[in-house]
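Structural overview
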Amino acid sequence: MTHNYPPFIVAKFGGTSVADYDAMSRSATLVLADKNVRLVVLSASAGVTNLLVELASGPESRVRQDKIDTLRALQQRIISRLKQPETVGREIERLLDNVARLAAKAAESRSAALCDELVSHGELISSLLFVEVLREQQVEAQWFDARKVIRTDDTYGCAVPAVSAIAALAENTLRPRMEQALVVTQGFIGSDAAGHTTTLGRGGSDYTASLLAEALSASRVDIWTDVAGIYTTDPRIVARAKRIDTLSFAEASEMATLGAKVLHPATLLPAMRKNIPVFVGASNNASAGGTLVCRDVPAPARYRALAVRRQQTLLTLTSLEAQPPHRFLADIFGILSRHELAIDLVTTSETSVALILNATSATSGEADMLTSALLTELSSHCHIEVETGLALVSLIGNALPQTESVCKAVFAELDAFPVRMICHGASRHALCVLLPAQSADGAVNALHRSLLE
């Protein structure tokens, strides 16, 4: 049976958009300005997730207490501005007590599962507070626990969503609530089949909004952040960066995957599957407009943007003996697969393979991907070189491998920089170079000046 539900918008607010009472009030006003917004997805307040990740690392007692006090003070500043703080204040105090309990447990024994349970409290708290801010404006708003719908596997720190399960759960438990009231829920967090809390990786609230939009067939996803759209590069690196008013899903997806901070890398996949446009704007300056990401963009430019991804590790593996290249590669990738090592960029020769490891995606943010078990298994097949302190600089555009003079234009500007690795040809939309981290900003400025201004 096909249902014709009225169109609705999923609105997601990032950490700076719910950083304090004033920011929450601005965001509430934005929600109420569009009657089509029926579902709101929130990040933790700015700085809170970092505090919780630090607590999950198991600091000693005095440092732990300082961080918990900082966390409590942050929430108290918001609660103190509410007209009726009593009920939500008690609930948040209970959650903060739970944070203290889990942090003490982490000091005894750390684990990825414990980290996910601990850091989930940031979104739980911000969403409870936001419901109260909305209710003060005489809005019928309901708080909803996203873990009841966002079903994932048990890859703690960077869990994989179960799309069909999410669709069924959202239809049965979330849609009926949305028909009664404006629903506020959490980004970033989910639960596995056993009911344990999981997270979707740093910045995963965008992904949650897109997953829920897909599950419920929303008409649009609005991502509200502290930047009025997606720019040709990070304006903090290049002051001359310009906003791009319209981007294709493919362009924006490459940008996000390759380091642009405005969107989580996986955000656009659910939106692309259902052809749901995604708007990106600034909650503190909504009138400034933003960027619309959609399926088709007429006559897109050859060069669109530059992205930087820091904290990159180069792993070079060289065969220890003469053997057919296909066998060496099969052995290496079999080992990497068994250890669930996330790799997105690779170059190979007959006897060696170079891999870029990205340490920025997991919730814990720790570059502990190269475990001793992995290195031991690899060392029986190859010589291992590990190089850290690198950054990936990527040019995003259209039909780059089919376009003449692209490499000439790029490498003319990179002449003064030591390039450690190049990836070009596999993607129609990106050319990537790996550089020492200290060279990244200079390279981006040079390329932006030459290709995007």
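Before any of the text, the structure's been laid out above.
1. So, the environment of Pro298
The residue Pro298 is located in the loop between strand 12 (290-294) and strand 13 (303-319) in this model. Among the residues examined, Pro298 registers a relative accessible area of 71% and is labelled exposed. A sequence separation of 18 residues divides Pro298 from Val280, and the C-alpha atoms of the two residues are 19 Å apart.

2. Concerning the pairing of strand 12
Taken across its five residues, strand 12 has four buried, putting it largely inside the fold. Across three bridges, the pairing between strand 10 (residues 246-248) and strand 12 is parallel. Across the sheet, Thr246 pairs through a bridge with Leu292, a residue of strand 12. Of the pairings in the sheet, the one linking strand 11 (residues 278-282) to strand 12 comprises four bridges and is antiparallel in character. Bridge assignment links Val280 to a residue of strand 12, and that residue is Thr291.

3. So, the packing of aromatic side chains
Applying the stated rule across the entire model yields two aromatic pairs. Considering the side-chain rings of Phe13 and Phe130, the 6.0 Å spacing of their centres and the 40 degrees angle between planes classify their relative orientation as tilted. Here Phe130 lies in helix 6 (residues 121-136) and Phe13 lies in strand 1 (residues 9-13), a separation of 117 residues in the sequence. A relative accessible area of 1% places Phe13 in the buried class. Relative to Phe279, the ring of Trp224 lies with its centre 5.6 Å away and its plane at 65 degrees, an arrangement referred to as edge-to-face. With a gap of 55 residues between them, Trp224 in strand 7 (residues 220-225) and Phe279 in strand 11 connect regions that are remote in the sequence. Residue Phe279 is classed as buried on the basis of its relative accessible area of 17%.

4. Focus on the packing of helix 5 (residues 112-119) against helix 6
Direction vectors running N to C along helix 5 and helix 6 enclose 15 degrees, while the axes themselves pass 5 Å from each other. Taken together, the axis directions place helix 5 and helix 6 in an arrangement best described as roughly parallel. Contacts between helix 5 and helix 6 involve Glu117, Leu118 and Val119 from the first element and His121, Gly122 and Glu123 from the second. Residues that form the contact of helix 5 with helix 6 fall into these classes: two nonpolar, two polar and two charged.

5. Focus on the sheet that holds strand 17 (residues 421-424)
Strands sit in the order 14-15-13-16-18-17 across an open sheet of six strands; the sheet is antiparallel. Only two strands of the sheet have a single partner each, and these edge strands are strand 14 (343-348) and strand 17. Within this sheet the neighbouring strands show an average axis-to-axis angle of 30 degrees, counted without direction. In the sheet, strand 14 pairs with strand 15 (residues 352-358) via five bridges, with the strands oriented antiparallel. Looking at strand 15, one finds that Thr348 is bridged to Val353. Across the sheet, helix 9 (residues 249-257) is in contact with strand 13, strand 14, strand 16 (382-397) and strand 18 (430-436); its angle to strand 13 comes to roughly 50 degrees. The strands touched by helix 14 (residues 440-451) within the sheet are strand 13, strand 16 and strand 18, with strand 13 carrying the most contacts at an inclination of about 135 degrees.

6. Thoughts on the sheet that holds strand 10
The mixed open sheet is built from eight strands, whose spatial order is 3-4-2-1-7-11-12-10. What marks the edges here is a single partner per strand, and that holds for strand 3 (141-143) and strand 10. Between one strand and the next, the sheet's axes are offset by a mean angle of 20 degrees, whatever the strand orientation. Docked against the sheet, helix 1 (residues 21-32) engages strand 1, strand 2 (37-42), strand 4 (182-186) and strand 7, running at close to 170 degrees with respect to strand 1. The strands that helix 9 touches are strand 10 and strand 12; relative to strand 10, the one it contacts most, it runs at about 85 degrees.

7. Points about helix 9
Taking burial as the measure, the nine residues of helix 9 include seven buried ones, the bulk of the element. The complete set of buried residues in helix 9 reads Phe249, Glu251, Ala252, Ser253, Glu254, Met255 and Ala256. At the exit of helix 9 stands Gly259, carrying a positive phi of roughly 125 degrees.

8. Thoughts on the side chain of Ser191
The topology assignment puts Ser191 in strand 5 (residues 189-191). In contact with Ser191, not counting residues within four places along its chain, are Arg147, Ile150, Arg151, Thr152, His196, Thr197 and Thr198.

9. Notes on the pattern of salt bridges
Overall, the coordinates contain 23 salt bridges when judged by the stated rule. With its nearest N and O atoms 2.7 Å apart, the salt bridge here joins Glu91 to Arg94. One end of the pair is Glu91 and the other is Arg94, both in helix 4 (residues 86-108) and three residues apart, which spans about a single turn. Residue Glu91 is classed as partly exposed on the basis of its relative accessible area of 28%. With relative accessibility at 46%, the residue Arg94 sits in the partly exposed group. A salt bridge links Glu214 to Arg273; the nearest nitrogen and oxygen atoms lie 2.6 Å apart. Of this pair, Glu214 sits in helix 8 (residues 205-216) while Arg273 sits in helix 10 (residues 268-274), placing them 59 residues apart in sequence. Given a relative accessible area of 46%, Arg273 falls into the partly exposed group. Here the salt bridges share partners, and the residues they tie into one network are Asp34, Arg220 and Asp222.

10. Describing the nonpolar core
Counting 108 residues, the largest nonpolar core has Phe13, Val40, Leu129, Phe130 and Leu174 as its most contacted members. Phe130 has contacts with Val18, Met24, Ser27, Ala28, Val31, Val40, Leu42 and Val184, leaving out every residue within four places of it along the chain. Grouped together as the second largest cluster of nonpolar side chains are 21 residues, Leu395, Leu400, Val410 and Val444 included.

Quick notes on the rules
- Residues numbered from 1 in each chain as written.
- Predicted model: local features only at pLDDT ≥ 70, side-chain atom pairs only at ≥ 80, totals over all residues.
- Heavy atoms only, no water.
- Helix = DSSP H or I, 4+ residues; strand = E, 2+ residues; numbered from the N terminus.
- Buried < 20%, exposed > 50% of the residue type's maximum accessible area, 1.4 Å probe, protein only.
- Pairing = 2+ DSSP bridges.
- Phe/Tyr/Trp six-rings, centres within 6.5 Å; stacked < 30°, edge-to-face > 60°.
- Axes fitted to C-alpha atoms, helices over the stretch in contact; angles between N-to-C directions.
- Parallel < 35°, antiparallel > 145°, perpendicular 65-115°, else oblique.
- Contact = heavy atoms within 4.5 Å.
- Nonpolar A, V, L, I, M, F, W, Y, C, P; charged D, E, K, R; others polar.
- Salt bridge = Lys/Arg side-chain N within 4 Å of Asp/Glu carboxyl O.
- Core = buried A, V, L, I, M, F, W, Y, C linked by side-chain atoms within 4.5 Å.

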